[in-house]
Amino acid sequence: AAVETLYAKVSSPVLTGVALEVEGVTVSDIHPDPLPDIFRGGQLVVAGRYEGSGDATITLSGRVRGEPVALVFDDIRFAAAGGDPTVARLWATRKIGELLTAIRLEGPNDEIIGQIVRLSIRWGIVTPYTSYLVTEDAPFGDEAIDEIARAAADTAAATTLPISGEAAVGAADFAGDLAAADTGAVPGAEYGDLVRTGGGRTFRYSEGRWVDTAFEPGSATVRVAFGSPDYFALAASDPLLAAALAVGTEVTVLHQGTVFEIVADGGPSDPLPDPTTTTLPLTATDSDTDTTLAALPGGASGGGAAEFPMALAVLAAALIAAVTLALRTRRR
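Let me begin by describing the structure that accompanies this report. Given the structure is predicted, the values throughout are model-derived calculations rather than measurements.

Procedures and definitions
- Residues numbered from 1 in each chain as written.
- Predicted model: local features only at pLDDT ≥ 70, side-chain atom pairs only at ≥ 80, totals over all residues.
- Heavy atoms only, no water.
- Helix = DSSP H or I, 4+ residues; strand = E, 2+ residues; numbered from the N terminus.
- Axes fitted to C-alpha atoms, helices over the stretch in contact; angles between N-to-C directions.
- Parallel < 35°, antiparallel > 145°, perpendicular 65-115°, else oblique.
- Left-handed = near helix turned anticlockwise from the far one by under 90°.
- Contact = heavy atoms within 4.5 Å.
- Nonpolar A, V, L, I, M, F, W, Y, C, P; charged D, E, K, R; others polar.
- Pairing = 2+ DSSP bridges.
- Polar contact = N/O pair within 3.5 Å; in protein donor to acceptor, adjacent residues only side chain to side chain.
- Buried < 20%, exposed > 50% of the residue type's maximum accessible area, 1.4 Å probe, protein only.
- Arc of directions from axis to C-beta.

**Quick look at unusual backbone geometry**
The linkage connecting His 31 with the following residue, Pro 32, adopts the cis geometry, with an omega of 0°. If you trace the backbone, Pro 32 turns up in the loop between β2 (26-31) and β3 (38-39). In this structure, the amide linkage connecting Asp 33 to the following residue, Pro 34, adopts the cis form with an omega of 0°. In the Ramachandran plot, Arg 65 falls in the positive-phi region, its phi being about 50° despite a non-glycine side chain.

**Concerning the packing of helix α2 (residues 85-106) against helix α3 (residues 110-123)**
For the pair α2 and α3, the least separation of the axes is 10 Å and the interaxial angle reads 150°. By the angle between their axes, α2 is roughly antiparallel relative to α3. Helix-helix and strand crossings are classified by hand; for α2 and α3 the assignment is left-handed. Here Pro 85, Ala 88, Arg 89, Trp 91, Ala 92, Lys 95, Ile 96, Leu 99, Leu 100, Ala 102 and Ile 103 of α2 come into contact with α3, specifically with Ile 112, Ile 113, Gln 115, Ile 116, Leu 119, Ser 120 and Trp 123. Grouping the amino acids of the contact of α2 with α3 by side-chain chemistry returns 14 nonpolar, two polar and two charged.

**Looking at the sheet that holds strand β9 (residues 209-212)**
Spatial strand order, β7-β8-β9-β11-β12-β10: six strands in an open sheet with mixed pairing. Across the chains shown, the open sheet's two edge strands, defined by having one partner strand only, are β7 (195-198) and β10 (221-225). When the angles between neighbouring strand axes are averaged without regard to direction, this sheet yields 30°. The pairing of β7 with strand β8 (residues 201-206) spans four bridges and is classified as antiparallel. Counted as the bridge partner of Thr 197 is Thr 202 from β8. Relative to β10, helix α7 (residues 229-236) is tilted by about 115°, and along the sheet it contacts β10 and β12 (258-263).

**Focus: the sheet that holds strand β5 (residues 54-64)**
Here we have four strands laid out as an open sheet, ordered β3-β1-β5-β6, and antiparallel in their pairing. The open sheet has two edge strands with one neighbour each: β3 and β6 (67-78). Where strand β1 (residues 13-23) lies against β3, two bridges are found, and the strand directions are antiparallel. By the bridge assignment, Leu 15 is partnered in β3 with Ile 38.

**Digging into the side chain of Ser 237**
Residue placement: Ser 237 occurs in the loop between α7 and α8 (239-245). From its side chain, Ser 237 meets the backbone oxygen of Leu 234 in a polar contact 2.6 Å long.

**Some remarks on the environment of Thr 86**
Looking at the element boundaries, Thr 86 is found in helix α2. Along the primary structure Thr 86 and Val 186 are separated by 100 residues, whereas in three dimensions their C-alpha atoms are 10.0 Å apart. A polar side-chain atom of Thr 86 sits 2.8 Å from a polar atom in the side chain of Asp 84.

**Comments concerning α7**
Among the residues making up α7, those that are buried are Tyr 231, Leu 234 and Ala 235. The buried residues of α7 all sit within an arc of 100° when viewed along its axis, so they share a single face. Residues of α7 that are exposed and point more than 90 degrees away from the buried face comprise Pro 229, Phe 232 and Ala 236. Packed against the buried residues of α7 are β10, α8 and β12.

If you want it as structure tokens, here you go:
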């Protein structure tokens, strides 16, 4: 049955030699790379980063039965802010998978391990190099992350990776599953008491509160009493911020460059900054894992979930292309 299913898939290619071109914004860090062929009944979801914003044109090209075909999606809007945080998590998941594969094939590399460490902390994705996410105490600041990355690199340099056997196969499968994931990885249920996600953020439980992993220790905070009018005003300012606050009753979260510290009901409170009284996108800045989500072919641009100057986008809903090409092929 498995062989028959595989044959039925590979015997019906819809688009081969797939390529994407984007005009209007600068696109980088695409996953998967290179783009695989598209077969009947399948779809291709591409996640990457972009710089800039505004209208853009996406061209999806390839070959159908040896003949070149190009599908052009005009008037795609890449937003400067806004989007769905699940797309950002999908990109981070695939990125970590490819970095793990690179280490498995080429050996430990300090720079690659450092990227895995930062992505893991930002998105709460536990890997063999980032078990500290659940073993080390939070919060994680830039200095602590640098130290963790150095420790992980030193450990990797002193460890011989298996090149065969069950352990090697397991490591390859783990990295491959992340690199080819259709959904973003989230902390497993076994980590629920220590690591949670909400509103596109990752929180680590530390000393009785949930702390945003983007929080830099020593930063000034604005205290807000749980359940107070200011608390509800803060939650109403952005749906994703509301989701982040729902992680627990005592939460520290970075929003719009301001750190809000939710304290117990009746606790001391500080005046809210003026922008929190209006609906604003979440545009917190992180160290080097910045992402903003944006447009899908069809002209729909994301809204409400912005994260950072650089950006993540689903660049092509190739299922649409697959259907279009399949219809064309059938007509021929």
